[in-house]
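Chain residues, written in single-letter form:
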Amino acid sequence: MQNLTRDELRQRLLTCGLKATHQRIVVFEAVTELHGHHPTAEDVYQRLKPANPSISLGTVYKTLDTFAETGLIRRVFSEEGSKRYDGNTLVHSHIYCSNTKEIVDFDDPELDQLLTEFFSRRKLSNFEVKGFSVQLSGNKVEPEKQISITRVSK
């Protein structure tokens, strides 16, 4: 996600029917700045506290949950069930490392197609699929190296 100006952040809040308060703007700004890191509420709070001493951890939690409910951000859960937040609201999946607690985004149209075909063959009824999100869980084989996924051409 590109860095947005405060006016652009304010406009996104208003578009979602939320008041563009200073606290909401700085929380949204922190999530966009931490793009790719999938921060916890505590991470966002620690980032904001020095410049915003009056903000509380409770406010950060409540604001992040409000953002997730309105679709401004997404919630991502770890194996332990802790909530992390993702500023990338485009459909994508995640790889989660249990050892390092890293979450890596991945997007694969081929996987989406396979899942679409799978559920089409199963004749899923009384449910409208809007998208897919897969989360792979496991451990890094070599902790010092980055997690990566490569698309192989047919």
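Now for a description of the structure that goes with this document. (Residues numbered from 1 in each chain as written. Predicted model: local features only at pLDDT ≥ 70, side-chain atom pairs only at ≥ 80, totals over all residues. Heavy atoms only, no water.)

1. A short note on a nonpolar patch on the surface
For the record, the criterion: Residues form patches when they are more than 30% accessible in relative terms and have no salt bridge. Like charges link within 9 Å. Nonpolar side chains (Val, Leu, Ile, Met, Phe, Trp, Tyr) link within 5 Å. Residue-level accessible areas treat just the shown protein chains as cover; the underlying method is Shrake-Rupley with a 1.4 Å probe. The salt bridge criterion pairs a side-chain nitrogen of Lys or Arg with a carboxyl oxygen of Asp or Glu, the two atoms within 4 Å. What counts as a helix is a DSSP run of H or I of at least four residues, what counts as a strand is a run of E of at least two, and both are numbered from the N terminus. Burial status follows relative accessibility: with a 1.4 Å probe on protein chains alone, a residue under 20% of its type maximum counts as buried, one over 50% as exposed, and anything between as partly exposed.
A surface patch of nonpolar side chains, about 430 Å² in accessible area, is lined by Phe-118, Phe-119, Leu-124, Phe-127 and Val-129. Mapping Phe-127 onto the fold places it in the loop between helix H5 (109-121) and strand S5 (135-138). Taking the relative accessible area as the measure of exposure, Phe-127 reaches 57% and is therefore exposed.

2. Brief notes about the environment of His-92
Basically, it comes down to this: By the convention used here, residues are in contact when the closest approach between their heavy atoms is within 4.5 Å. By the criterion applied in these results, polar contacts are pairs of N or O atoms within 3.5 Å in which, for protein atoms, one can donate a hydrogen and the other can accept it, and in which residues neighboring in sequence qualify only through two side-chain atoms.
Summarising the element assignment, His-92 is placed in the loop between strand S2 (83-86) and strand S3 (93-97). A C-alpha to C-alpha distance of 9.5 Å links His-92 and Gln-135, two positions 43 residues apart in sequence. Apart from the residues within four sequence positions on either side, His-92 is in contact with Arg-74, Asp-86, Asp-105, Phe-106, Asp-107, Phe-132 and Ser-133. Side chain to side chain, His-92 and Arg-74 meet in a polar contact 3.3 Å long. Reaching out from His-92, the side chain makes a polar contact with the side chain of Asp-105 at a distance of 3.2 Å.

3. As for the environment of Lys-83
Note that Lys-83 resides in strand S2. The exposure class assigned to Lys-83 is partly exposed, which follows from its relative accessible area of 30%. Taking the C-alpha atoms as reference, Lys-83 lies 8.6 Å from Pro-39; in sequence the two are 44 residues apart. Once you skip the residues sitting within four places of it in the chain, Lys-83 turns out to touch Thr-40, Asp-65, Arg-75, Val-76 and Phe-77. One polar contact links Lys-83 to Asp-65, side chain to side chain, over a distance of 3.2 Å.

4. Examining H5
For the record, the criterion: To estimate the expected span of a helix, count its residues, drop one, and scale the result by 1.5 Å.
The end-to-end C-alpha separation of H5 is 18 Å, in line with the 18 Å expected for 13 residues at 1.5 Å each. By the N-cap criterion, in which a side-chain oxygen at the helix start approaches the backbone nitrogen of a residue two or three places on, H5 is capped by Asp-108, the distance to Glu-110 being 2.9 Å. Taken from the residues just after H5, Lys-123 is the one with a positive phi, measuring 50°.

5. Some thoughts on the layout of surface pockets
Our working definition: A cavity here means a set of points on a 1 Å grid, drawn over the protein atoms and nothing else, where a 1.4 Å probe fits but cannot get out; a pocket is an open set with protein on both sides within 12 Å along at least five of seven lines, and a residue lines either one if it has an atom within 4 Å of a point. Grid points are joined across faces, edges and corners, and a volume is the space filled by probe spheres set on the points. The nonpolar class holds Ala, Val, Leu, Ile, Met, Phe, Trp, Tyr, Cys and Pro. Asp, Glu, Lys and Arg form the charged class, and all remaining residues, Gly among them, are polar.
Of the volumes computed, that of the largest pocket is approximately 170 Å³. Taken together, 13 residues line the largest pocket, and the ones lying closest to its centre are Ile-95, Asn-139, Lys-140, Val-141 and Ile-147. Residue assignment for the lining of the largest pocket shows that the elements contributing at least two residues are S3 and S5. Residues that form the lining of the largest pocket fall into these classes: 6 nonpolar, 4 polar and 3 charged.

Remember that the coordinates give geometry; whether it matters functionally is a separate question.
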